[in-house]
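Structural characterization, general
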Amino acid sequence: MFTTTTLSSRVPGSRLSLLQVSAAGILWGTTGVVVQVVAARTGLGAVAIGFYRLAVAAAVLLLIGLVAGHRIVAAFRAAPLAITVAGAGLAAYQALYFVAVRLAGVSIATVVSLGLAPVLLSAWETLRTRQRPGAATLGASVAAIIGLVLIAGATVEPGAATAAGYGLLAAIGSGIVYAASTAVSRHTTQGVEPLTLTTLSCVIGAISLLPLAAVEGLSFTPRATPVALLVYAGAVTTALAYALFYTGLRRIPGSVAVVVTLLEPLTAALLAVVLIDEPLGAATIVGGLLLLGAVATLYLDAD
């Protein structure tokens, strides 16, 4: 028999965790502009940029954790399968999302990949715990997905929808892997320190992406701006952001976390307006308000 539960009753003291996950989503939202600038100035493909992003993050985190290397090794030995799945999942959903963007356009990739994850995680958590999400969580999820659709639809590129097929399948795959990786990571964070899990995930993710990135092409002429942006992408939008995300996952359900991280496309849309003069349409405004309202509802429902 299913019972109804709320965020606050399941995870006391979760407001700080929501703040940490929100910060991760906002940091991830700055990645789009970084990728655009780096690609334009280096000619690197999206998967190659993704590899450099994870490689820089892994290097930074390994340097930070150098004195605690034995703890990193011990953590991997304690849960090798879960940590490998988390790291490979990080690489896989990023690569699949990039493929979806390339074949089906930003709009379809964003709506399907990021919108599918909260639905899948809510269904999984309901089946696993036999507790239905509370009204606030369900309402926030619906509002966030509608907001995501509006924001993505406002940024659709002409002709993007004509390349559905494989791009749509890649987006679905990205959403499934993102949901599964978040579920595994949430379980793993209960026994592994967030910084250690972030380090191992980035190392495994970079190794997983290396073959694809090598085929796409990794060589470029190093210049100050793109190199600095790659360091920012690795150190801030990956190392710091995932450390915050994994820390927040310790105290809130995965389905709630992925709703909150939908602040990522909102941040990306606002940065596009501010930095590259994209128009701010009514759909983007309404979608942004719905997303902010959804996140605010989750905050109010938390302790």
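Quantities reported herein were computed from a predicted structural model and do not represent experimental measurements.

1. Digging into the overall build of the protein
In terms of helices and strands, the protein carries 13 helices and 2 strands. Expressed as a percentage of its 303 residues, the buried residues of the protein come to 48%. If you take every contact in the protein between residues at least 6 apart in sequence, the share linking residues at least 24 apart comes to 92%. Element-wise, carbon and sulfur atoms account for 72% of the exposed surface of the protein, whose accessible area totals about 13400 Å².

2. Digging into the confidence of the model for the protein
Detailed reading of the predicted coordinates is not advisable wherever pLDDT is low. Within the protein, residue pLDDT values average 77, and 76% of them lie at 70 or more. The model gives residues 1–12 a pLDDT under 50, and that stretch makes 38 contacts with residues more than four places away or in other chains.

3. Regarding the packing of aromatic side chains
All chains considered together, the criterion is met by 8 aromatic pairs. For the pair Tyr-93 and Tyr-178, a centre-to-centre distance of 5.0 Å together with 50° between the ring planes defines the contact as tilted. Of this pair, Tyr-93 sits in helix H6 (residues 80–129) while Tyr-178 sits in helix H8 (residues 164–189), placing them 85 residues apart in sequence. According to the relative accessible area criterion, Tyr-178 is buried, its value standing at 5%. Between the aromatic rings of Tyr-242 and Phe-245, the centroid separation amounts to 6.4 Å while the plane-to-plane angle is 90°, which identifies the pairing as edge-to-face. Here the residue Tyr-242 and the residue Phe-245 both occupy positions in helix H10 (residues 224–249), the gap between them amounting to 3 residues, near one helical turn. Each residue in the set Trp-28, Tyr-242, Phe-245 and Tyr-246 is aromatic and connected to the rest through ring pairs, giving one cluster.

Conventions adopted
Residues numbered from 1 in each chain as written. Predicted model: local features only at pLDDT ≥ 70, side-chain atom pairs only at ≥ 80, totals over all residues. Heavy atoms only, no water. Helix = DSSP H or I, 4+ residues; strand = E, 2+ residues; numbered from the N terminus. Buried < 20%, exposed > 50% of the residue type's maximum accessible area, 1.4 Å probe, protein only. Contact = heavy atoms within 4.5 Å. Areas by Shrake-Rupley, 256 points an atom, 1.4 Å probe, with all protein chains shown as cover. pLDDT = per-residue confidence, 0-100. Phe/Tyr/Trp six-rings, centres within 6.5 Å; stacked < 30°, edge-to-face > 60°.

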